[in-house]
Amino acid sequence: MAKNNPKTKQGFWRKLLSFLSIRSNQKVLDSEKKKKEPKSFAIEWATAFDTWKKKLPTKQINSGIVVETKKIRLTKTNEKLFRIEGDDFSIVLVTDNHLYKNKDGKWAGVLFVDEGLLNQNLSKDIRNLDDFLNLQAIPRSDLFLESEAPKDDWRIVFGWERFWQEQLLLQMSPNSMTLVMLAIGEECKEFFEKIATERQKRLVRDELFYLNLGQSNSSNPHSKTKSIFGFGSALKEFGQKINLIRERREKELEHGA
């Protein structure tokens, strides 16, 4: 009969204890994860907005030097116009259409236009900025985030009837609405809280919660959580939905008249 080897027994017990210890630690970690649940809308919002400001250097100043190292310097001219410079380059960066009023009270800024459409419309009667924007088919809702933006920026929704305001929120996915509120700020958050249903608030609160955790909300069928850096596409979606609801509302008003 083979003799039991004491060393083999010790190795067995050591492995068993190590396995049990790992299982125990995993259960503790799983338990801690399960304990993490969304707090109130206000708390999740405050945490996310603080993270937003910390993670996005370009949003921390209105103009001037954003980042400067031994190799590069990034300066900000306005909300969507930047310049990046290095030893052998100096490039203007435009993050999107952007209009603002200069010191003379005139509209200035940068617009992306279709060159063919531009040529086609050169012979048209262009009397003001609105005429030009209409001819170039540039949605005014793409030009928001400026306190003195053209009259048809995102704030046109303030003058809509509540039904149409509700329709706008119904068109927005919770994750995009979350990023839109972070990008625009308190004014948009207040609008959302005033118009949204309790269910919509709960869904957006959950999105804020997962953004704060730095995780995606894959378990929620209504969620496709973007990272905090995905606000650009969310803002475009918001502008598109505003245009969609605006057109529907205008048709309804014309039909009613």
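Note that the structure is a prediction, hence the values are computed from the model and not measured.

About the cut-offs
Residues numbered from 1 in each chain as written. Predicted model: local features only at pLDDT ≥ 70, side-chain atom pairs only at ≥ 80, totals over all residues. Heavy atoms only, no water. Helix = DSSP H or I, 4+ residues; strand = E, 2+ residues; numbered from the N terminus. Buried < 20%, exposed > 50% of the residue type's maximum accessible area, 1.4 Å probe, protein only. Contact = heavy atoms within 4.5 Å. Phe/Tyr/Trp six-rings, centres within 6.5 Å; stacked < 30°, edge-to-face > 60°. Patch = residues over 30% accessible without salt bridge, like charges linked within 9 Å, V, L, I, M, F, W, Y side chains within 5 Å. Areas by Shrake-Rupley, 256 points an atom, 1.4 Å probe, with all protein chains shown as cover. Salt bridge = Lys/Arg side-chain N within 4 Å of Asp/Glu carboxyl O. Pairing = 2+ DSSP bridges. Axes fitted to C-alpha atoms, helices over the stretch in contact; angles between N-to-C directions. Core = buried A, V, L, I, M, F, W, Y, C linked by side-chain atoms within 4.5 Å.

Trainee: Is there a simple way to explain the side chain of Arg-249 in this structure?
Mentor: Residue placement: Arg-249 occurs in helix H9 (residues 231-256). Since its relative accessible area comes to 16%, Arg-249 is described here as buried. Beyond its immediate stretch of four places on either side in the chain, Arg-249 contacts Gly-159, Trp-160, Glu-161 and Trp-164.

Trainee: Is there a simple way to explain the packing of aromatic side chains in this structure?
Mentor: Given two aromatic rings, one states the distance between the centres and the angle between the planes to describe the pair. Inspection of every chain in the model, using the stated rule, returns nine aromatic pairs. Consider the rings of Trp-154 and Phe-158, whose centres lie 5.2 Å apart with planes at 75 degrees: the pair is edge-to-face. Each member of the aromatic cluster is reached from another via a ring pair, and the members are Trp-154, Phe-158, Phe-191 and Phe-238.

Trainee: Help me understand a nonpolar patch on the surface, please; the structure alone is not making it clear to me.
Mentor: A cluster of nonpolar side chains, namely Phe-89, Ile-91 and Leu-93, defines an oily patch on the protein surface of about 220 Å² accessible area. Along the polypeptide, Ile-91 turns up in strand E4 (residues 89-94).

Trainee: Help me out: how do you make sense of the sheet that holds strand E3 (residues 81-86) in this one?
Mentor: Strands belonging to one sheet form pairs held by backbone hydrogen bonds; the direction of such a pair is parallel or antiparallel. Overall, antiparallel pairing links the four strands, which are arranged E1-E2-E3-E4 in an open sheet. Only two strands of the sheet have a single partner each, and these edge strands are strand E1 (64-68) and E4. Averaged over all pairs of adjacent strands, the angle between strand axes in this sheet comes to 20 degrees, irrespective of strand direction. Sheet analysis places E1 next to strand E2 (residues 73-78), joined by four bridges and oriented antiparallel. Note on E2: the bridge partner recorded for Glu-68 is Arg-73.

Trainee: What is the right way to read the nonpolar core from this model?
Mentor: Looking at soluble globular proteins, one finds that nonpolar side chains tend to be buried together. Core analysis: the largest hydrophobic core is formed by 35 residues, its most contacted members being Met-177, Val-180 and Phe-238. Considering every element that reaches this core, the biggest residue donor is helix H6 (residues 174-184), with seven residues. In contact with Val-180, not counting residues within four places along its chain, are Met-172, Gly-185, Cys-188, Ala-234, Leu-235 and Phe-238.

Trainee: For this particular structure, what's the right way to read the pattern of salt bridges?
Mentor: Close approach of charged atoms lets side chains of opposite charge pair. According to the stated counting rule, one finds 13 salt bridges in the structure shown. Arg-127 serves as the salt-bridge partner of Asp-125, at 3.8 Å between the closest nitrogen and oxygen. Exposure class is identical for Asp-125 and Arg-127. Each is exposed. With its nearest N and O atoms 3.6 Å apart, the salt bridge here joins Glu-198 to Lys-201. Of this pair, Glu-198 and Lys-201 both sit in helix H8 (residues 198-213), three residues apart, which is roughly one turn of that helix. Taking relative accessible area as the criterion, Glu-198 reaches 58% and is therefore assigned exposed. Each of Glu-68, Arg-73 and Glu-85 takes part in a single network of salt bridges with overlapping partners.

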